[in-house]
Amino acid sequence: MSIRKYLMIAGVSAIALTSCKKSYLDEVKPADGSLSENVIFGSKLGADNAMTGIYYLFQRYALGQQNMFGLKTIQFNFDMRGNDLISDPGNWWLYENNWSDNTYGRIATASRNSQIWNLFYKAINNANAIIKNVPSIPESQAVKDQLTAEARALRAYSYFYLARIYQFTYAKDPNAPGIPVYTEPATSSSNGNPRSSLKDVYALITSDLEYAVANLTTTRIDKYRVNKNVAQGILAEVYQELAMADNSLWAKAMSNAIAARSGYPLMNASSYASGFNSVANGEWMWGIQFNASQSLSYASFFGYIDPTAANTRYKDIYVNTTFVNLFSATDMRNLFVAAPGQSSANPWKKWMTAKFKDNASFSGDLVLMRSAEMYLIEAEANAQTGLLEAGKDALFVLQKQRDPNATRSTAATKDALIKEILVERRKELYGEIGVEYFDLKRYQLPLVRDGNQWSLLNIPANDNRWRWQLPQSELDANKSLTSSDQNPL
Amino acid sequence: MRKLLLLLSMCIAIVQLQAQSRTVTGTVTDEKGIPVPNATILVKGRNIGTSANEQGVFSLLVPANSSALVVSSVNFGSQEVNISGRSSVTVSLSASAQNLNEVVVTAYGVTRKKAFTGTASTITNDKFKDLQVSSITNVLQGNASGVLAVSSNGQPGESPTIRVRGIGSVNASSDPLIIVDGAQYGGNINNINPNDIETITVLKDASSTALYGSRAANGVISITTKTGKGTPKVSLSAVTGYSKRAVDDYEYVSANQLYELTWESLRNEARLNSSLVTASGSTSPEDYASRTVVGKLVYNPFGIAQPVGPDGKIVPGTQTLWNQNWADALLRTGVRKDINGSISGGSDRTRYFFSGGYLNDQGVAIESYFKRYTGRLKIDTKVNDWLNAGVNTSVAYSTQNYPVQGGSAYSNVIGWIRTVSSIYPEYILDPATGKPILDGNGNLQYDFGNNGPLLRTVLTPGNPAGTTSLNPTYYNRLITSANAFAEAQIISGLRLRSQYAIDFNQLSSNTYYNPFVGDGAAYGGRSFKSSDNTVTQTVTNTLTYDKLFRGVHHLNAVVGQEAFKIHEGVVSAEARGFTFPGVTELSYASTPYSASSNSYDSRLISYFSRVNYDYADKYHLSLSLRRDASTRFADSVRWGTFYSIGGAWNLNRESFLSGISQLNDLKLRASYGTSGNQNVGNFPYLATYSAGANVANYSGSIIGNLANGNLTWETQKTLDLGIDFAAFKNRVSGSVTYFTRTSDKLLFFRPLPPSVGVSGINDNIGTVKNHGIEIDLTTQNIASKSFQWTTTFNITHVKNEIVTLPQASIAGSGFSNLIVGQSLYNFYLREYAGVDLSDGRPMWYMDQTDASGKVTRIATKTYSAATRYYQGSSLPNWTGGLSNTFTYKGFDLSILAAFSIGGKIYDADYAGLLYGTVGTQSGYNWSVDILNRWQDASHTGDGRTPKLMTTTDYQGNSSSTRFLYDASYARIRNITLGYRLTRGFINKAKINGARLYVDLQNPFTFFGRKGLDPESGLSGITSNTSSVYKTLSIGVNFDL
């Protein structure tokens, strides 16, 4: 009996002790979708993977509310702050439309504000990691330079948005405090940098983009990636902003705009009416791509603006009558449709636009850049440098293509021509890049609402409301900032 | 090294083996011979014990050389029984309890309350056997001091949030560790059948939790399942209950009032903006409002074009064609059925318990239910004179239909009632006549807001009355647990026990949106399935030595080792494009849409030891030490060391107190120790990229986590000082405990400036302190032979305070803002200053600093300019319970009340019901309190409700103290009236016992706010969730 007892106790002990090996703890590895940094930067494919991650942030980085999904909703947030589009006062985008100082707005505690700040800074950090790690991947120098160039272009694109949102336009005061600048990826000891002056921020932006233009080629994997054309396009936009302070820079804005659009001819009427939902459109230089499984569903931009969408969508974006009236009947861009449910109780429900229509799987691509804008930059650069006729020519190339009955501008003065160009920019680009908002800021003009807007705002030029506050979470955690660094309410 | 020690001790053990053990069975009765249920039986001088069943029967394996048992029970004195040469005894107890002889289930053993140096609350089956709860943790509220159990939802099968002694962690989980029969439970707590449970013990202080040290920082809830004893017994029970909301819903405006109020908002807007009048061709703001109000609301239940006259009133004589009551359409009386059976018994060698249960618990929200099927087999046997072995297996399958009951989704049935006003009907009606428009087959058609003649302005398209049954949301859980042990007596007093426990927990969920109507229509229907499989395994080996030296020195020592691992695998997929109704399987869909899988692993290795020593049952000392290694921390820092020390002094055994005969027991106790927390995700210390950041068909990844190789255990330090007492023949007994619980090196997601591109990093930083007092009191008010009345009362005060933080201020969840000195759950809100009576606009306070730096508080009408202030916490200051039990002959009556004092609640649902800007929410539902609005300078309303507008938004509904209320409340949790059938009847029916009872759950709630249920989750912010139910049940128990 006692032998049996020994054996059983020994057996139990043996089973018990087998679990004590050190490997018991070491054999556990992450399998939840995370990857280590050295796997990512072991090859070009890995670096491409990390690069795609940045575009993924543009596609869908979300924070706070349902209408805060990705770069498109940031851009559209600015579109809604202009005079041309109107939201239903009881549905998504009403607070953006009304410039409300709540979670959808510019105040320090707003989710919208953090969405903007976080999205671009996450893109910058991911770009910085690529810029830092690419030199060590086992590839040819040309391949590495190209990867670095693309990451730098994305970094510049992000800083360009931040600089324009968190301070007045460069021309008002180049020495004004801009935003914190980082050129190294975050580590556990990152404590936050101070606000750099706009001058310093734009110095980094232009050097990044000049490098990108020099090292990128016009080929790419697909249209969601930045190639040489896109880098030139961004650079043209940057010089357009800076040239408001330094007239000599219009030449660079123009040359980059002309080079950028090469290979991307203006689309025809049927393309224009096809819904702005596919990078297959030949005029699109750059767009955010989706596949069917990446549909943003209810949060999708199309779900708000597309009047032909299924009845499950919000369809709550209307167009101001004063804006609709700017389009001639023969203009291919005159895609306005009468809004359903019109009544004297809801005067804003008059027009909707069919410019943006989702595809069948609710996963339409989103446009980021196209040639028309480059023609308009060319026209504006000419006008601004006194070359009125050249400006009118560039403008007319676009106008004539869009409307067979268009007539060439007869503007007698530079200011009159610029005014026409700014109107043409709204007509061409509304709903795409926040064009009206950023043009008003760039020209230091007030917003004066009219027509059937339900929120008849009048925001003076360079009012504090044009300048977003730094997010409270930034002030709380950034050891280089104090409350005196905050933009005033 | 540890291996060596363990082997060595085993070798010593093997050399010295000798002793034997035997089984003693018995029955415990009172002086009249009526069985005393649940009595405690301990081997004299040992920490070996059991408890009797409801019939007073017990069976206990005792060391061969034991000579006596000590038997005790609540309300009875303890009794020593000689067992020398006897294997069966009958014990007759006399009234008046030796309260401190109750047993406490501690880590890796049991102890007597008298010898216990720590703090624990034990709830026996007696206390919860009649409670109509689906989840066992629901019994904690009001029954256990130091425990906060907060329900946030009325969905059947959902468990409340449990916090033991406040909240100790910020980013790591604050959930207590759940132990079932000695092993960490890996399943969902709602799948344990409460009928299978003997006791629930909440271990609170360091000395009692230290042996679970690595995971015990948030307290331990130790559940012991029933064990068979004595003669075979068959028990059957059945109960049926009917449920509705415990508190009535908010009161809503009628269709007429909604129209008149909307008219007023239009008039107010037009008075401010005269262009509205001219643009619409109206003659006055009043005329404008009368002309446009129907266009604003679209649905017109009055059958005439301008139902509101220029006086703002419904035109006299107008008929209201419909006035929808959405609560009637979306809520119901829930029916609950719970049927259980068990067979248990034991011989001197083998004890067994097996049970089966069926529960069908319908919720009040339509279609919601929780069905559970459970089975358990627990058997242990004495293999020979030195070896015991046993197994406890259970299987539970539950299926839960969980329609959305919270948040802003259109399908939220509760949100719908709060949002959609009575002018919008459930079915499509003819606007001219109010009669239903039938479909081709003559059936009623649900109105989704866009499928009838009118386009609804509210939550279109949707109608949960129509979609809830078409869109099932299932959670099916299969949980099997097996727990096997073998225990060898190596020498007298030295036992080696090995236990292996495995839980398999499968959660299959299916979310479905039908292709015909509602949310899924745009996609041709969507079905999302997920399968989440978790396997938890624990191996525990303990060596226990228990010996009494020279009659007074009692030593009990435990050394042990434990290995724990958990593996979770999740697979999920979605398909779209469904053709047929009623099928949710993905194979019926036209398009596979998405698929993903992930797995998660975590492991622990632990070594632990504990020594308990007492001298003559007068002085008690308890020491413990534990080392744990976790895979959640880097190799160099994964070991944590936790310890505790506890002492108790039974003062009444001292000679200087022996003269006081009224004093039956007096014990002072103190303990101090540390425990750990590692609940922060599986690899929080690694630098990672997150895959899946794909664009179109190109794969991508983004920076996820930053590396922190120094990340290690969060540590909790707990100090307890307590006194236990019993007096007046044990008619009064209780305890008072002061505690402090300090969490240090918090596992904190330290915020980084968002501009660095990463929101934060896992770090050990920050300190949170919880301190307070717990008081338990039991009095036996009347103890005559035929009538007994016992009162138990407990009350707990906890203060939660942040002591250090990595930065001055961190935005917390909800409205909270973390700063030193505040609670983790504070309200950082603007303070409402009421309405400006001259213009009807809302105001808030703001601090204005003048040139000299002096701050004055002024009122402002600009919401964003108002200052935010700390406005208290959602955590109550005092919580507790009061229960009274009466027995008279065969009748028993018990009443349990729970209360909560202090703490705030933010009623976001009510805020939604007082929306003042109609243009943004036209046709949305209103509380009747909106009738107290400001109308004009001579009709200023209640001074808190601003004037109504259409598009001009004064932000009166933005978060502020306007909607912050005191959350103090009291609730009668339970009233049970039972009747134990007379012996005569029982004998005639040839059964052993029968009891009938009626139970009222949550029948009364005492709370200052109407419509709001005070139990609305820990954060204290309402979110259109379903709420706690009141239930009337009738039940019967038979013992065959």
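The structure under discussion appears in the preceding block.
The shown structure was predicted, so the numbers you read here are calculated from the model rather than taken from an experiment.

Enquirer: Looking at this model, I keep getting lost on the overall build of chain A. Mind explaining?
Expert: If you tally the helices and strands in chain A, you get 19 helices and 11 strands. For chain A, the C-alpha radius of gyration of 26 Å lies close to 23 Å, the compact-globule estimate for 489 residues. Each principal axis of the C-alpha atoms in chain A carries an extent, and together these give about 115 × 55 × 50 Å. Counting only residues that meet the buried cut, chain A has 53% of its 489 residues in that class. In chain A, of all internal contacts separated by at least 6 residues, the share reaching a separation of at least 24 is 67%.

Enquirer: Which parts of the structure should I look at to understand the nonpolar core?
Expert: Within the largest apolar cluster, 149 residues are counted, with the highest numbers of intra-cluster contacts made by A:Ile130, A:Ala153, A:Leu209, A:Ala231 and A:Ile234. No other element matches helix α8 (residues 141-165) of chain A, which puts 13 residues into this core. One finds B:Ala246, B:Leu330, B:Tyr906 and B:Leu914 within the second-largest nonpolar core, a separate group that totals 63 residues.

Enquirer: Mind showing me how you'd approach the sheet that holds strand β16 (residues 220-225) of chain B here?
Expert: For sheets, the rule is that strands pair by backbone hydrogen bonds, running either parallel or antiparallel. Overall, mixed pairing links the 5 strands, which are arranged β10-β15-β16-β13-β14 (chain B) in an open sheet. Single-partner strands in this sheet number two, and they are β10 (120-124) and β14 (183-184) of chain B.

Enquirer: Teacher, can you tell me more about the sheet that holds strand β7 (residues 88-92) of chain B here?
Expert: All names here are of chain B. Pairing is mixed in the open sheet, where 3 strands are placed in the order β4-β1-β7. On the outer flanks of this sheet lie β4 (57-63) and β7, each paired with one strand and no other. Each adjacent strand pair in this sheet contributes to an overall mean axis angle of 30°, direction not counted. The pairing of strand β1 (residues 21-29) with β4 spans 7 bridges and is antiparallel. Paired with Thr25 across the strands is Ser59, a residue of β4.

Enquirer: Mind showing me how you'd approach the environment of A:Ser111 here?
Expert: All names here are of chain A. Within the secondary structure, Ser111 sits in helix α7 (residues 111-133). Residue classification places Ser111 among the partly exposed positions, given that 18 C-beta atoms sit within 10 Å. For Ser111 and Ala299, which are 188 residues apart along the polypeptide, the C-alpha to C-alpha distance reads 15 Å. Aside from chain neighbours lying at most four places away, what touches Ser111 is Leu63, Gly64, Gln65, Met68 and Thr103.

Enquirer: Even after reading the chapter, I still don't get the interface of chain A and chain B, so can you show me in this structure?
Expert: Often the size quoted for an interface is simply the accessible area lost on bringing the parts together. Across the contact, 83 residues belong to chain A and 86 residues belong to chain B. Breaking the side of chain A that touches chain B down by element, the ones donating at least two residues are α1 (2-18), α2 (23-26), β1 (34-35), α3 (37-40), α4 (44-60), α7 and α19 (472-477) of chain A. Here the residues of the side of chain A that touches chain B are counted per class, giving 40 nonpolar, 35 polar and 8 charged. Where β1(A) and strand β30 (residues 688-691) of chain B come together, 2 bridges link them in antiparallel fashion.

Rules of the game
Residues numbered from 1 in each chain as written. Chains lettered and ligands numbered in written order. Predicted model: local features only at pLDDT ≥ 70, side-chain atom pairs only at ≥ 80, totals over all residues. Helix = DSSP H or I, 4+ residues; strand = E, 2+ residues; numbered from the N terminus. Rg over C-alpha atoms; globule rule 2.2 N^0.38 Å. Buried ≥ 20, exposed ≤ 12 C-beta atoms within 10 Å, placed from the backbone. Contact = placed C-beta atoms within 7 Å. Core = buried A, V, L, I, M, F, W, Y, C linked by C-beta atoms within 7 Å. Pairing = 2+ DSSP bridges. Axes fitted to C-alpha atoms, helices over the stretch in contact; angles between N-to-C directions. Nonpolar A, V, L, I, M, F, W, Y, C, P; charged D, E, K, R; others polar.

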